[in-house]
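Below are the chains, spelled out letter by letter.
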Amino acid sequence: MRVDLRSDTVTTPSIAMREVMAHAPVGDDVYGEDVTVNGLEERVATLFGKEAAVFTPSGSLANQLGIRMLVAPGEELLAETNSHVVRAELGAAAVFSGITTRTWPARRGLLNANDALEIARPNSGPYLVSTTAIAVENSHNFGGGTVQPLDQIAALYKGAQEMGIALHLDGARIWNAHVATGIALAEYGQYFETISVCLSKGLGAPVGSLMLSTKEKVARARVWRKRYGAGMRQVGILAAAGHYALDTNIDLLQHDHRRAKFLADRCHAAAPTTIDPTTVDTNIVGLDLSQLSITAAEFAQLVKAEGVLISALGPKYARLVTHLDINDAAMEFAAEVLSQALQRTLVA
Ligand SMILES: Cc1ncc(COP(=O)(O)O)c(C=O)c1O
């Protein structure tokens, strides 16, 4: 058996999803004539209580368009130290938009509004950089799938509003936060001026993200999307996968969460210091391997040889991610391989 827990982006589209894609009505989306794309943009904007949305090929582009709409060149975005916009978008905000970034650290990426508000410096005059936006990642990928507490989001919004600072949501996995908490997407949506969401993570579409905001910001973002070379043509084929994902796959995330918890429980039983299962909020399990005699990369090699693929994200940190293509049998197989490998390599 081969079980791929590296990421929830490794899923392949199901036969049913491919069927829907094959029959999607399409048109030239650069001319605004693809009805399947237009329908998806409207649908997702409405879900979050936003006026409009623009379809993008990647979550990184959706983030970058959103941030660009809030922060001018030479101004500043604040984000948590391990957030995707800071660590995994290859400096895009600086390279493409001239945006500077400052960060605050948070254990597991968990949002505490004061951490961000304390370092915010709006309207800093002619000598210092002015903060104009703060990014929040929910759920937090490198934090281990952490769901951000709604009261902290609300407190951040209130404090930021008072300072004239806007909030951007990196909601690549907001669907997971929604399913884990039961909090409506529109409830999350009200706090953020721009939002990115992904259909190609836990929802299992092969491609597709959206940036949501006001009509005015989305119209401007469309121009930038085209300028970046991401104006797409008969892309309703991909938007159809997004529709299918929203119809059928949001409910299934609960199983990814259950399976992630199972894996965490088994890893904890084998090596208690690797993970506290009560911190597993969604579909991601971050393993602290500092008590092992080998590095995370070596541990990943060890379990790979037995058919389980995981991501080594730090010298002693590894990540497991459950997704649509992991069923209970795969979960149990992976749990067995991982717990045996942990027991073998744990320093007594
Ligand atoms: C939290 C988060 N935001 C944004 C992205 C970017 O998505 P993409 O890989 O489609 O650019 C990812 C990708 O894994 C992510 O985990």
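As the structure is a prediction and not an experimental result, all values here were calculated from the model. (Residues numbered from 1 in each chain as written. Predicted model: local features only at pLDDT ≥ 70, side-chain atom pairs only at ≥ 80, totals over all residues. Heavy atoms only, no water.)

J.: Quick question: what am I supposed to make of the overall build of the chain here?
T.: Helix and strand counts for the chain stand at 14 helices and 12 strands. Relative to the globule expectation of 20 Å for 348 residues, the C-alpha radius of gyration of the chain, 20 Å, shows essentially globular dimensions. A principal-axis box enclosing the C-alpha atoms of the chain has dimensions of 60 × 55 × 35 Å. Counting the 348 residues in the chain, one finds 54% classified as buried. Accessible surface computed for the chain: about 14,300 Å², of which carbon and sulfur atoms make up 54%. Counting 30 positive and 36 negative side-chain charges, the chain places the centres of these two groups 4 Å from one another. (Helix = DSSP H or I, 4+ residues; strand = E, 2+ residues; numbered from the N terminus. Rg over C-alpha atoms; globule rule 2.2 N^0.38 Å. Buried < 20%, exposed > 50% of the residue type's maximum accessible area, 1.4 Å probe, protein only. Areas by Shrake-Rupley, 256 points an atom, 1.4 Å probe, with all protein chains shown as cover. Lys, Arg positive; Asp, Glu negative; His and termini not counted. Charge placed at Lys NZ, Arg CZ, Asp CG, Glu CD.)

J.: Where do I start with the site of the ligand in this structure?
T.: Lining the immediate surroundings of the ligand are S58, G59, S60, N63, H84, E89, E137, N141, D170, A172, R173 and K201. S60 places a polar side-chain atom, nitrogen or oxygen, 2.6 Å from an oxygen atom of the ligand. Side-chain polar atom of D170 to a nitrogen atom of the ligand: 2.7 Å apart, as the coordinates give it. With the chains in place, 83% of the 390 Å² that the ligand exposes on its own is no longer accessible. A total of three residues in the shell around the ligand trace back to one element, the largest contributor, which is helix α3 (residues 59-70). Across the shell around the ligand, the residue classes tally to one nonpolar, six polar and five charged. (Near = heavy atom within 4 Å. Polar contact = N/O pair within 3.5 Å; in protein donor to acceptor, adjacent residues only side chain to side chain. Nonpolar A, V, L, I, M, F, W, Y, C, P; charged D, E, K, R; others polar.)

J.: When you look at the pattern of salt bridges in this model, what are you seeing that I'm missing?
T.: Side-chain pairs of opposite charge can arise where the charged atoms are in close proximity. The final tally for this structure, using the stated rule, is 14 salt bridges. Via salt bridges that share partners, R258, R259 and D328 belong to a single interconnected network. (Salt bridge = Lys/Arg side-chain N within 4 Å of Asp/Glu carboxyl O.)

J.: Even after reading the chapter, I still don't get the side chain of T146, so can you show me in this structure?
T.: Take T146: it is sitting in the loop between β5 (131-137) and α7 (150-163). Residue T146 is classed as buried on the basis of its relative accessible area, which comes to 0%. Setting aside anything within four residues of it in sequence, one finds T146 in contact with R108, L110, N138, S139, H140 and D281. (Contact = heavy atoms within 4.5 Å.)

J.: When you look at the environment of K261 in this model, what are you seeing that I'm missing?
T.: Mapping K261 onto the fold places it in helix α12 (residues 253-270). Among the residues examined, K261 registers a relative accessible area of 32% and is labelled partly exposed. Measuring from C-alpha to C-alpha, the distance between K261 and A94 comes to 37 Å, with 167 residues separating the pair along the chain. Setting aside chain neighbours within four positions, we find K261 in contact with P277 and V280. In this structure the side chain of K261 is engaged in a polar contact, spanning 3.1 Å, whose partner is the backbone oxygen of V280.

J.: Teacher, can you tell me more about unusual backbone geometry here?
T.: Both trends apply: most residues other than glycine have a negative phi, and most peptide bonds are in trans. Residue N138 is joined to S139 through a cis peptide bond whose omega torsion reads -5°. Mapping S139 onto the fold places it in the loop between β5 and α7.

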